[in-house]
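Residue-level structural notes
Below are the chains, spelled out letter by letter.
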2 protein chains.
Amino acid sequence: MLSQVEENYLKSIFKITEKEGKPASTNAIAGDLQTTAASVTDMLKRLSEKTLIHYEKYKGVQMSDKGLTIATQLVRRHRLWEVFLVEKLEFAWDEVHDLAEQLEHIHGNSLIDRLDAFLGNPRFDPHGDPIPDAQGRWTRRKQILLSALEPGEKGIVSGVENHSPEFLQYLDQLGLVLHTQITLRERFPYDQSVRIRTDDGRELSLSEKVAANLYVEEQSGTKERR
Amino acid sequence: MLSQVEENYLKSIFKITEKEGKPASTNAIAGDLQTTAASVTDMLKRLSEKTLIHYEKYKGVQMSDKGLTIATQLVRRHRLWEVFLVEKLEFAWDEVHDLAEQLEHIHGNSLIDRLDAFLGNPRFDPHGDPIPDAQGRWTRRKQILLSALEPGEKGIVSGVENHSPEFLQYLDQLGLVLHTQITLRERFPYDQSVRIRTDDGRELSLSEKVAANLYVEEQSGTKERR
DNA sequence: AAATATTTTTAGATCAGCCCAAAATTTTAA
DNA sequence: TTAAAATTTTGGGCTGATCTAAAAATATTT
Ligand SMILES: [Mn+2]
Ligand SMILES: [Mn+2]
Ligand SMILES: [Mn+2]
Ligand SMILES: [Mn+2]
């Protein structure tokens with residue numbers, strides 16, 4: 001069984017390699033985990049020893065099959081707990097991440113599968129991120145950034161690129177919750193800000209910064225193996 | 001903020017001093033936490049340094065006010081999570097202890113109070129043990145061991161002295177779940193075994209060992225400060 | 001291609017937790 | 001009231017996780 005710290009490293013390496021599409025650098029991991037490069041090198045040796053990662057000195061690190069399975073389970077746990085906290089305990093979507101960071105490390109035989117069932121087998125977490133199923137399969141969606149939508153096109157708010165409480169609270173204030181249907185009315189070339197209309201008829205102006213951190217879905221997704 | 005290990009020590013010291021009614025010995029703590037006396041002495045120094053306990057070399061250890069508050073919150077968390085696991089995730093009452101041992105260490109502002117509300121502010125956990133409220137107040141009940149009941153007297157199964165999965169599963173098999181009303185029919189002097197009648201009309205024979213590990217309630221309890 | 005800057009690793013320490021073996025203290029028995 | 005037994009503490013050492021400072025390797029400029 002792995003320590004919480006080891007699990008956090010695996011999750012971080014997974015996240016970085018997924019996003020970057022190449023081996024994770026020592027510095028990137030250190031930045032993500034708020035620690036030093038020296039500590040990271042130390043841990044990479046240990047994880048490599050346990051065949052949880054593929055690591056070559058100075059060349060960065062990738063997930064092994066074993067590590068990938070564990071990291072996927074961690075993401076599953078994290079997101080299911082987030083659903084629980086929002087749906088059942090009525091936390092706001094900007095309050096649940098830190099608690100889920102702790103809860104994801106709880107180990108137990110059928111715990112997560114029971115939680116999954118209790119929550120009704122949700123496919124997405126409160127931030128619109130997909131929840132891998134018990135076999136580690138992901139639900140993929142065709143979603144694009146609002147900043148990539150063309151005037152006249154419609155979309156449904158389906159996720160966020162930035163997960164910071166500040167951004168999430170701002171979206172709350174704007175009334176731009178998940179599943180809101182929107183139409184892009186106009187994009188102003190001067191600053192790339194946009195004007196949208198929501199399904200309840202309100203017109204909103206959004207900065208380029210907001211538009212570049214909000215995902216909209218164009219059509220429904222399908223299940224596929226990762 | 002305390003480490004999980006420190007929290008476990010506080011809970012153990014609390015449990016032992018409550019049961020024994022006197023300072024907890026190094027050996028008792030070591031036995032409870034499945035560690036060595038040397039490790040315990042080590043930790044007692046650290047906890048004493050943080051004024052979480054009153055510790056005098058060779059004289060045993062007692063809770064300080066600060067430690068007592070923390071230990072009480074830990075018991076509250078442990079038991080509320082047990083209720084969640086049984087009531088919501090449908091675990092059996094003999095399966096939840098180890099998970100609750102982990103969950104009780106999750107820290108978060110309003111987490112436990114929200115969980116408490118979500119569960120309907122339960123006063124007792126799945127094993128009949130009282131759950132302290134947010135202010136650390138306990139619900140006390142007049143419950144006695146079944147082995148102390150006299151022939152002809154009635155009682156309601158309200159708790160267990162032994163929490164082992166083996167005993168709990170055996171009670172399941174006997175159909176002696178919490179809140180079952182029973183009448184003591186006869187006690188056999190030869191081995192102190194008893195014959196009881198349950199509220200659904202069944203007659204059961206119970207060994208002295210079972211009777212000495214099962215609590216029955218005689219009347220409803222009142223709230224008081226500890 | 002050489003010089004410079006950046007990234008990564010190593011060396012050496014610290015700290016919390018844990019252990020064993022030996023010494024000190026307290027308790028029990030003779 | 002001594003001697004023996006049991007308990008507790010101390011001393012020394014180990015591991016996992018962390019850090020700083022210095023060395024090594026890689027990447028970027030000139
Ligand atoms: Mn999160
Ligand atoms: Mn999320
Ligand atoms: Mn328990
Ligand atoms: Mn319990």
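Residue numbering note: each chain is counted from 1, following its sequence as written. The order in which chains are written sets their letters, starting at A; the order in which ligands are written sets their numbers, starting at 1. Only residues with pLDDT of 70 or above have their local features reported here, since the model is predicted, and side-chain atom pairs are shown and tallied only from 80 upward, although totals for entire chains, interfaces and linings are computed over all residues. Processing note: side-chain calculations cover all non-hydrogen atoms of the structure and skip hydrogens and water entirely.

Now for the domain arrangement of chain A. Residues and elements named next belong to chain A. Note that the domain bounds were set by an automatic or database domain assignment. Split by domain assignment, chain A resolves into domain 1 (4-63), domain 2 (78-139) and domain 3 (144-218). Here the C-alpha centre of domain 3 lies 25 Å away from the C-alpha centre of domain 2. The criterion used for residue contact is that any of the two residues' heavy atoms lie within 4.5 Å. In this assembly, seven residues from domain 2 lie in contact with 11 residues from domain 3. Here domain 2 and domain 3 share an interface that buries about 720 Å² over both sides, 60% of which is from carbon and sulfur atoms. The term buried area denotes the loss of accessible surface (1.4 Å probe radius) that occurs when two parts are joined, taken as the sum for both partners. Counting the surface domain 2 buries against domain 3, the share from its top three residues, W93, D94 and H127, is 78%. For salt bridges, the criterion is a side-chain nitrogen of Lys or Arg within 4 Å of an Asp or Glu carboxyl oxygen. The tally of links between domain 2 and domain 3 comes to zero salt bridges. We define a polar contact as two N or O atoms separated by no more than 3.5 Å, with the added condition that, inside protein, one atom must be a possible hydrogen donor and the other a possible acceptor, whereas residues neighbouring each other in sequence contribute only through side-chain atom pairs. Taken together, domain 2 and domain 3 are joined by four residue pairs in polar contact (both at pLDDT 80 or more). The nonpolar class holds Ala, Val, Leu, Ile, Met, Phe, Trp, Tyr, Cys and Pro. Asp, Glu, Lys and Arg form the charged class, and all remaining residues, Gly among them, are polar. Here the residues of the side of domain 2 that touches domain 3 are counted per class, giving two nonpolar, two polar and three charged.

For interface size, the figure often reported is the accessible area lost on association. Across the contact, 21 residues belong to chain B and 21 residues belong to chain A. A combined buried area of about 1600 Å² lies between chain B and chain A, and 71% of that area is made up of carbon and sulfur atoms. Per-residue buried area on chain B facing chain A is highest for L89, I106 and R114 of chain B; these three make up 31% of the total on that side. For the interface between chain B and chain A, the tally reads zero salt bridges. Summed over the shared surface of chain B and chain A, the number is six residue pairs in polar contact (both at pLDDT 80 or more). Looking at the side of chain B that touches chain A element by element, the count peaks at four residues for helix α6 (residues 111-118) of chain B. Broken down by class, the residue content of the side of chain B that touches chain A amounts to 11 nonpolar, six polar and four charged. Runs of E in the DSSP output that reach at least two residues are strands. Runs of H or I that reach at least four are helices, and both are numbered from the N terminus.

Looking now at the pairing of strand β5 (residues 181-188) of chain A. Residues and elements named next belong to chain A. Here strand β4 (residues 154-160) runs beside β5; their pairing, made up of three bridges, is antiparallel. Note on β5: the bridge partner recorded for G155 is I182. Two strands are counted as paired when DSSP detects at least two bridges linking them. Relative to strand β6 (residues 193-198), β5 runs antiparallel, the two being bridged by six bridges. When the sheet's bridge partners are listed, T183 is paired in β6 with R197.

Proximity is defined per residue: any heavy atom of the residue falling within 4 Å of a molecule or strand makes that residue near it. In the region of DNA strand C, 21 residues are neighbours, and Y55 and K57 of chain A together with S3, T35 and S39 of chain B sit closest. When the atoms of DNA strand C within 4 Å of the protein are grouped by moiety, sugar and phosphate amount to 79% of the total. The side chain of K57 of chain A places a nitrogen or oxygen atom 2.7 Å from a phosphate oxygen of DNA strand C. Of all the secondary-structure elements, those providing two or more residues to the surface near DNA strand C are α2 (26-33) and α3 (37-49) of chain A together with α1 (4-20) and α3 (37-49) of chain B. In terms of residue count, the dominant contributor to the surface near DNA strand C is α3 of chain B (five residues). Looking at the surface near DNA strand C, its residues break down into nine nonpolar, eight polar and four charged.

Residue and element names in this part refer to chain B. Each metal's donors comprise the N, O and S atoms found within 2.8 Å of it (within 3.2 Å for Na, K or Ca). Water is not part of the atom list, so some coordination spheres may appear incomplete. Within the protein, H78 (NE2), E82 (OE) and H97 (ND1) serve as the donor atoms for the manganese ion (ligand 3), at 2.0 to 2.2 Å. For the pair the manganese ion (ligand 3) and the manganese ion (ligand 4), the metal-to-metal distance amounts to 3.5 Å, and E82 bridges them. With H78 and E82 both in helix α4 (residues 65-87) and four residues apart, the pair spans about one turn of that helix. By the burial criterion, H78 is buried, and E82 matches it. Exposure is judged per residue with a 1.4 Å probe applied to protein chains only, and the accessible area is read against the type maximum: over 50% gives exposed, under 20% gives buried, and values in between give partly exposed.

A few words on empty space enclosed by the protein. Residues and elements named next belong to chain A. Two kinds of site are reported from a 1 Å grid over the protein atoms alone, namely cavities, where a 1.4 Å probe fits but cannot get out, and pockets, open sets with protein on both sides within 12 Å along at least five of seven lines, and residues are called lining when an atom falls within 4 Å of a point. Grid points are joined across faces, edges and corners, and a volume is the space filled by probe spheres set on the points. Applying the stated criterion across every chain yields a total of one cavity of 30 Å³ or more. By volume, the largest cavity amounts to about 30 Å³. In terms of lining, the largest cavity is formed by H127, G128, D129, R141, Q143, S158, G159, V160 and Y215. Counting only elements with at least two residues in the lining of the largest cavity, the list comes to β3 (138-145) and β4. Counting residues per element, the lining of the largest cavity draws most heavily on β4, at three residues. Along the lines of polarity and charge, the residues of the lining of the largest cavity split into two nonpolar, five polar and two charged. Residue assignment places the lining of the largest cavity across two domains, with domain 2 (78-139) and domain 3 (144-218) each supplying three or more.

On to the coordination of the manganese ion (ligand 2). All names here are of chain A. Within the protein, E82 (OE), D125 (OD) and H127 (ND1) serve as the donor atoms for the manganese ion (ligand 2), at 2.1 to 2.3 Å. Sequence spacing of the donor residues for the manganese ion (ligand 2), all on one chain, is E-x42-D-x1-H. Between the manganese ion (ligand 2) and the manganese ion (ligand 1), the interatomic distance is 3.5 Å, and E82 donates to each metal, bridging them. Highlighted residues: E82 in helix α4 (residues 65-87) and H127 in the loop between α6 (111-118) and β3, separated in sequence by 45 residues. Like H127, E82 is buried.

What follows deals with the packing of aromatic side chains. Working definition: rings of Phe, Tyr and Trp (its six-membered ring) pair if their centres are within 6.5 Å, and the pair is stacked with planes under 30 degrees apart, edge-to-face with planes over 60 apart, and tilted otherwise. Applying the stated rule across the entire model yields nine aromatic pairs over all chains. For the pair F14 of chain A and W138 of chain A, a centre-to-centre distance of 6.1 Å together with 25° between the ring planes defines the contact as stacked. Highlighted residues: F14 of chain A in helix α1 (residues 4-20) and W138 of chain A in strand β3, separated in sequence by 124 residues. Each member of the pair, F14 of chain A as well as W138 of chain A, carries the same accessibility label: buried. Relative to F84 of chain B, the ring of F118 of chain A has its centre 6.1 Å away and its plane inclined at 80°; by these criteria the two rings are edge-to-face. Of this pair, F118 of chain A sits in helix α6 while F84 of chain B sits in helix α4, which puts the two residues in different chains. The buried category is assigned to F84 of chain B, whose relative accessible area is 0%.

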